[in-house]
Amino acid sequence: NAVPAAEAARCAGDQGKFWQMHDTLFSKQTEWESDGNAANRFAGYATALGMDRGAFESCMASNKHLAGVNEAGAAAQAANIKATPTFYVNGKKADAATLKQAIDAALQGK
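Residues numbered from 1 in each chain as written. Predicted model: local features only at pLDDT ≥ 70, side-chain atom pairs only at ≥ 80, totals over all residues. Heavy atoms only, no water.

### A short note on the layout of surface pockets
And then number 1: In this structure, the largest pocket occupies an estimated 950 Å³ of space.
And then number 2: Listed by contribution, the elements that provide at least two residues to the lining of the largest pocket are α1 (2–13), α2 (18–27), α3 (29–32) and α6 (66–78).
And then number 3: When residues of the lining of the largest pocket are assigned to their parent elements, the largest contribution, six residues, is made by α1.
And then number 4: Looking at the lining of the largest pocket residue by residue, the classes come out as 16 nonpolar, seven polar and three charged. (1 Å grid on protein atoms, 1.4 Å probe; cavity = no way out; pocket = protein on both sides within 12 Å on 5 of 7 lines; lining within 4 Å. Points joined across faces, edges and corners; volume = space filled by probe spheres on them. Helix = DSSP H or I, 4+ residues; strand = E, 2+ residues; numbered from the N terminus. Nonpolar A, V, L, I, M, F, W, Y, C, P; charged D, E, K, R; others polar.)

### Comments concerning the environment of Tyr88
And then number 1: Structurally, the position occupied by Tyr88 is in strand β1 (residues 87–89).
And then number 2: By relative accessible area, Tyr88 is classed as partly exposed at 38%.
And then number 3: The spatial distance from the C-alpha of Tyr88 to the C-alpha of Leu99 is 8.6 Å, given a sequence separation of eleven residues.
And then number 4: In terms of polar contacts, Tyr88 uses its side chain to reach the backbone carbonyl oxygen of Ala79, at 2.7 Å. (Buried < 20%, exposed > 50% of the residue type's maximum accessible area, 1.4 Å probe, protein only. Polar contact = N/O pair within 3.5 Å; in protein donor to acceptor, adjacent residues only side chain to side chain.)

### Some thoughts on the state of the cysteines
And then number 1: For the structure on display, the rule yields one disulfide.
And then number 2: The residue that forms a disulfide with Cys11 is Cys59, at a sulfur-sulfur distance of 2.1 Å. Judged by the torsion about the S-S bond (-80 degrees), the Cys11/Cys59 disulfide is left-handed. On the criterion of sequence distance, the pair formed by Cys11 in helix α1 and Cys59 in helix α5 (residues 53–62) is long-range, its members being 48 residues apart.
And then number 3: Residue classification places Cys11 among the buried positions, given a relative accessible area of 2%.
And then number 4: We classify Cys59 as buried; its relative accessible area is 9%. (Disulfide = S-S within 2.5 Å.)

Everything listed is a geometric property; what it means functionally is a separate question.
Laid out in structure tokens, this is it:
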């Protein structure tokens, strides 16, 4: 359900609620990750976040953001990104443990 979840975040963004949906999706991932009807669950989250449920469901049904989600996935695959979070600083891969060091080095021109 990762692709529909990404679409849900983008559809929420159409209503100015991207980050609220993003946070909800991450905090409730165990609820939807294997759900056979994740779209209905996502619509419930949209309602709870004060969105227009009809507009949200219409956005999801139209696959309006599917191409963008697929493009992002293809770019991640091409960059050999296999997990989140993954960071690149000045073209060098960093993980959560080395991110601060990578940023400091980049700021120092190294």
